[in-house]
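Read off the chains here:
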Amino acid sequence: MTEGNLRQGGIELLRLVLMLMICLLHVLGKGGVLAAAGPGTVPYGVYWFLECGAYYAADAFMLISGYMVTDKPVKAGRILTMWCQVFFYSFILTALLTAVDSHEGWQLSALIRWAMPLTFNRYWYFNGYCLLFLARPALNRFLFSIDETAARRAFVLIFGLFSVIGTWYNSFHTERGYAAVWIPVLYCLGVLARRGRIFETRPGYTLALTAAVCIMITWGMRMAGFAGLVDYTAPTQVLAALMIVILFSRLPIRARWVFCLSPLAFGVYLFQLNVVIWNRLDGAFAFVPAMTLPAGLAVVTGAAVLIFAGGLLVEGLRRCFSKRLQIPQLCDRAAAAAERLIVRVGEALQ
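Please read these numbers as outputs of a predicted model, since none were measured by experiment.

Draft legend 1. Representation of the packing of helix H3 (residues 42-54) against helix H15 (residues 293-324). It is the contact of H3 with H15, at a shortest axis distance of 11 Å, that shows an interaxial angle of 30 degrees. One way to sum up the angle between H3 and H15 is to call them roughly parallel. Relative to H15, the crossing made by H3 is right-handed. Where H3 abuts H15, its residues Val-42, Pro-43, Val-46, Tyr-47 and Leu-50 lie against Leu-293, Gly-296, Leu-297 and Val-300.

Draft legend 2. Region of the structure containing the nonpolar core. Core analysis: the largest hydrophobic core is formed by 102 residues, its most contacted members being Leu-18, Tyr-56, Leu-189 and Tyr-269. Broken down by element, the residue count for this core peaks at 13 residues, all from helix H1 (residues 3-28).

Draft legend 3. View of helix H7 (residues 124-143). Relative to the 28 Å expected for 20 residues at 1.5 Å per residue, H7 spans just 25 Å between its end C-alpha atoms, considerably shorter than the ideal helical length. Along H7, the helix axis deviates most sharply at Arg-136, where the bend reaches about 55 degrees; the proline Pro-137 sits within four residues downstream. Looking at the buried side of H7, the elements it contacts are helix H4 (57-67), helix H5 (76-100), helix H9 (182-195) and helix H13 (265-272).

Draft legend 4. Inspection of a nonpolar patch on the surface at higher detail. A cluster of nonpolar side chains, namely Leu-157, Leu-161, Val-164, Ile-165, Trp-168, Tyr-169 and Phe-172, defines an oily patch on the protein surface of about 710 Å² accessible area. As for its position among the elements, Val-164 is in helix H8 (residues 148-169).

Draft legend 5. Structural view of the side chain of Asp-231. Position of Asp-231 among the secondary structure elements: in the loop between helix H10 (204-223) and helix H11 (235-249). Owing to a relative accessible area of 11%, Asp-231 belongs among the buried residues under this scheme. For Asp-231, the side chain forms a polar contact with the side chain of Arg-176, separated by 2.5 Å. Beyond its immediate chain neighbours, meaning those up to four positions away, Asp-231 contacts Tyr-55, Arg-176 and Gln-237.

Draft legend 6. Local environment of unusual backbone geometry. Of note in this structure, Asn-121 is not a glycine but carries a positive phi near 55 degrees. Tracing the backbone through its elements, the reader meets Asn-121 in the loop between helix H6 (108-115) and H7. A residue is classified by how much of its surface remains accessible, and Asn-121, at 41% relative accessible area, is partly exposed. Positive phi, close to 55 degrees, is recorded for Arg-197, a residue that is not glycine. Considering the arrangement of structural elements, one finds Arg-197 in the loop between H9 and H10.

Draft legend 7. View of the pattern of salt bridges. Scanning the model with the defined rule gives seven salt bridges in all. Its salt-bridge partner being Glu-148, residue Arg-197 comes within 3.9 Å of it at the nearest N-O pair. Placement of the pair is Arg-197 in the loop between H9 and H10 and Glu-148 in helix H8, with a sequence separation of 49 residues. By relative accessible area, which is 33% here, Glu-148 ends up partly exposed. Each of Glu-148, Arg-152, Arg-197 and Glu-200 takes part in salt bridges that share partners, so that together they form one network.

Draft legend 8. Geometry of the confidence of the model for the chain. In the predicted model, the chain carries a mean pLDDT of 90, and 97% of its residues have values of at least 70. Throughout residues 1-7 the model reports pLDDT below 50, and contacts reaching past four residues in sequence, or to other chains, amount to 13 contacts.

Draft legend 9. Looking closely at the packing of aromatic side chains. Enumeration over the complete set of coordinates arrives at 19 aromatic pairs. Where Trp-124 meets Tyr-125, the ring centres are 5.5 Å apart and the plane angle is 70 degrees; that geometry is what we call edge-to-face. Residue Trp-124 is classed as buried on the basis of its relative accessible area, which comes to 15%. Among the residues examined, Tyr-125 registers a relative accessible area of 8% and is labelled buried. Ring pairs connect the aromatic residues Tyr-55, Phe-61, Tyr-123, Trp-124, Tyr-125, Tyr-178, Tyr-232, Phe-266 and Tyr-269, which therefore count as one cluster. The ring of Tyr-67 has Arg-194 sitting right over it, with the charged end atom 4.9 Å from the ring centre. If you follow Arg-222 out to its NZ or CZ, it ends over the ring of Trp-48, 4.2 Å from the centre.

Basis of the calculations
- Residues numbered from 1 in each chain as written.
- Predicted model: local features only at pLDDT ≥ 70, side-chain atom pairs only at ≥ 80, totals over all residues.
- Heavy atoms only, no water.
- Axes fitted to C-alpha atoms, helices over the stretch in contact; angles between N-to-C directions.
- Helix = DSSP H or I, 4+ residues; strand = E, 2+ residues; numbered from the N terminus.
- Parallel < 35°, antiparallel > 145°, perpendicular 65-115°, else oblique.
- Left-handed = near helix turned anticlockwise from the far one by under 90°.
- Contact = heavy atoms within 4.5 Å.
- Core = buried A, V, L, I, M, F, W, Y, C linked by side-chain atoms within 4.5 Å.
- Buried < 20%, exposed > 50% of the residue type's maximum accessible area, 1.4 Å probe, protein only.
- Expected span 1.5 Å × (residues − 1).
- Bend = angle between axes of the 7 residues up to and from the residue.
- Patch = residues over 30% accessible without salt bridge, like charges linked within 9 Å, V, L, I, M, F, W, Y side chains within 5 Å.
- Areas by Shrake-Rupley, 256 points an atom, 1.4 Å probe, with all protein chains shown as cover.
- Salt bridge = Lys/Arg side-chain N within 4 Å of Asp/Glu carboxyl O.
- Polar contact = N/O pair within 3.5 Å; in protein donor to acceptor, adjacent residues only side chain to side chain.
- pLDDT = per-residue confidence, 0-100.
- Phe/Tyr/Trp six-rings, centres within 6.5 Å; stacked < 30°, edge-to-face > 60°.
- Lys NZ or Arg CZ within 6 Å of the ring centre and 35° of its normal.

As structure tokens, then:
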């Protein structure tokens, strides 16, 4: 196995770890644990520590896309395949679950929203990825043309503008990281970090310590009443995410199960944000702070693991059916036809 494969193994493991952390975030936040915990109590501090310790997961997930990218063009069929994946969770799975029971029912307006996930921003992360897909050729032309020194300077500039300044003044309307533009920003930071060899010579314990310090600062500020660092755009979140990505990229992972399960990670995200599942999660764990702390921690972590496992199972089944129906091949053909049409339209405008 080559060095490149070894590094990729660590990153693939990280994808799974990050998605489990995102499940934990949703149990704590949407599940109502944080809202139900009384400020100033021990459970309040502990559960918020878990929140701050996992919050950088979404940033790290996107940084991976930039940190491990090459300058090879991405097939247009890839974005169509992803849209089909999103459509399954937004419409098909919702329809199946609604047939059993749902708060939303079968209203026409709801059906339209489910069937058009990109238009109605059903999954903000996917909308951001679509923006990145369109901008990526132009971005890569710049990102892969500059030298190491220029890459470091560009990293500092983008980090300073969008994260440091943006956190305090929201200058670029990143909406705490939920705006589509934040995804291309993270992609650029990931590419520039790799090309600029940022923190590449630092030992692993330094990276881990830096991430821990960022988490502690975020948690300490939150306990002091300042929630501004519990944002995807916050510098402590971006730095912690980058440290973890670099650290895991060094791990010589060979386990086959990691490579088998890591492609399912994005499906776990789509699964838990399905409208029916998301509505069921709302306030479902508000009882946890009233429990003893060990029991509460067991419930929170157990719920996150169950959501994670359920998402893996559903996504695994979806991928099997997708391959049987040759959805990826159909998407490639559709993308090729669309590209030919766009070329002809462009020629007609001459």
